[in-house]
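Observations on the three-dimensional arrangement
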Amino acid sequence: MGNCFTKAPNDMDESDHKVDFSGGNVHLITTKETWEQKIEEAKRDGKLVVANFSAAWCGPCRIIAPLYVELSEKHPSIMCLTVDVDELTEFSTSWDIKATPTFFFLKDGQQIDKLVGANKPELEKKLIAVLDSVAPPCRT
């Protein structure tokens, strides 16, 4: 559901492809160094990371972007990152991205879950499940 596999033909004006993949608490990753800095920051602050590998030309990526921003604002205990697979091609390939969007859920820099596709209910469900799985136990 909602996957882009290859780049669409360039038959539209480039401005038609622009979408704001950042905003809220979403950080746009433009270099491998920035990625490493954000992962270290998340480790230091004890935050989970949700990494969204997207592409500006991908329709499903554009559709889910506003929800991703909303979730980043709703859950300040997570760090939301967006990587444009066309801007960081080699880096994205190292994550074995086969379709966009692909969301990785990371704790201490290690993958704990993954979602491929722009499935809004599943993204919310996985995010809550991951947050619940790492929440400290309640003391009574």
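A brief look at the structure comes next. Worth saying up front: this structure is predicted, and the values here are computed from it rather than measured. (Residues numbered from 1 in each chain as written. Predicted model: local features only at pLDDT ≥ 70, side-chain atom pairs only at ≥ 80, totals over all residues. Heavy atoms only, no water.)

**Examining the sheet that holds strand 5 (residues 110–116)**
The 5 strands are arranged 1-3-2-4-5 in an open sheet whose pairing can be described as mixed. Strands at the two margins of the open sheet, each flanked by one partner only, are strand 1 (26–29) and strand 5. In this sheet, adjacent strand axes meet at a mean angle of 25 degrees when their direction is disregarded. In the packing of helix 1 (residues 32–45) onto the sheet, contacts are made with strand 1, strand 2 (48–54), strand 3 (78–84) and strand 4 (102–107), and the angle to strand 3 comes to roughly 170 degrees. Packed onto the sheet, helix 2 (residues 59–74) meets strand 1, strand 2, strand 3 and strand 4 and runs at close to 155 degrees relative to strand 3. (Pairing = 2+ DSSP bridges. Helix = DSSP H or I, 4+ residues; strand = E, 2+ residues; numbered from the N terminus. Axes fitted to C-alpha atoms, helices over the stretch in contact; angles between N-to-C directions. Contact = heavy atoms within 4.5 Å.)

**What about the nonpolar core?**
The biggest cluster of nonpolar side chains holds 21 residues, and the ones touching the most others in it are Trp 35, Phe 53 and Trp 95. Listing elements by their share of this core, those giving two or more residues are helix 1, strand 2, strand 3 and strand 4. The contact partners of Phe 53, leaving out residues within four places of it in the chain, are Trp 35, Val 83, Val 85, Phe 91, Ser 92, Trp 95, Ile 97, Thr 100, Pro 101, Thr 102 and Phe 104. Counting 18 residues, the second largest nonpolar core, distinct from the first, contains Cys 80, Phe 105, Ala 118 and Leu 127. (Core = buried A, V, L, I, M, F, W, Y, C linked by side-chain atoms within 4.5 Å. Buried < 20%, exposed > 50% of the residue type's maximum accessible area, 1.4 Å probe, protein only.)

**Thoughts on unusual backbone geometry**
Between Thr 100 and the following residue, Pro 101, the backbone shows a cis peptide bond with an omega angle of -5 degrees. If you trace the backbone, Pro 101 turns up in the loop between helix 3 (89–94) and strand 4. Even without a glycine there, the phi angle at Asp 108 is positive, about 55 degrees. Note that Asp 108 resides in the loop between strand 4 and strand 5.

**Points about the side chain of Ser 72**
Position of Ser 72 relative to the elements: it lies in helix 2. Every residue in contact with Ser 72, bar those within four places of it in the chain, is listed here: Gly 23, Gly 24, Asn 25, Val 26 and Cys 80.

**Re the packing of aromatic side chains**
This structure, assessed with the given rule, holds 9 aromatic pairs. Aromatic pair Phe 53 and Phe 91: ring centres 6.2 Å apart, planes at 25 degrees, arrangement stacked. Residue Phe 53 is found in strand 2, and its partner Phe 91 is found in helix 3; the two are separated by 38 residues along the sequence. The exposure classification of Phe 53 matches that of Phe 91, with both residues buried. The interplanar angle of 55 degrees and the centroid separation of 4.8 Å between the aromatic rings of Trp 95 and Phe 104 together place this pair among those described as tilted. Like Phe 104, Trp 95 is buried. Pairwise contacts between aromatic rings join Trp 35, Phe 53, Phe 91, Trp 95 and Phe 104 into one cluster. (Phe/Tyr/Trp six-rings, centres within 6.5 Å; stacked < 30°, edge-to-face > 60°.)

Everything listed is a geometric property; what it means functionally is a separate question.
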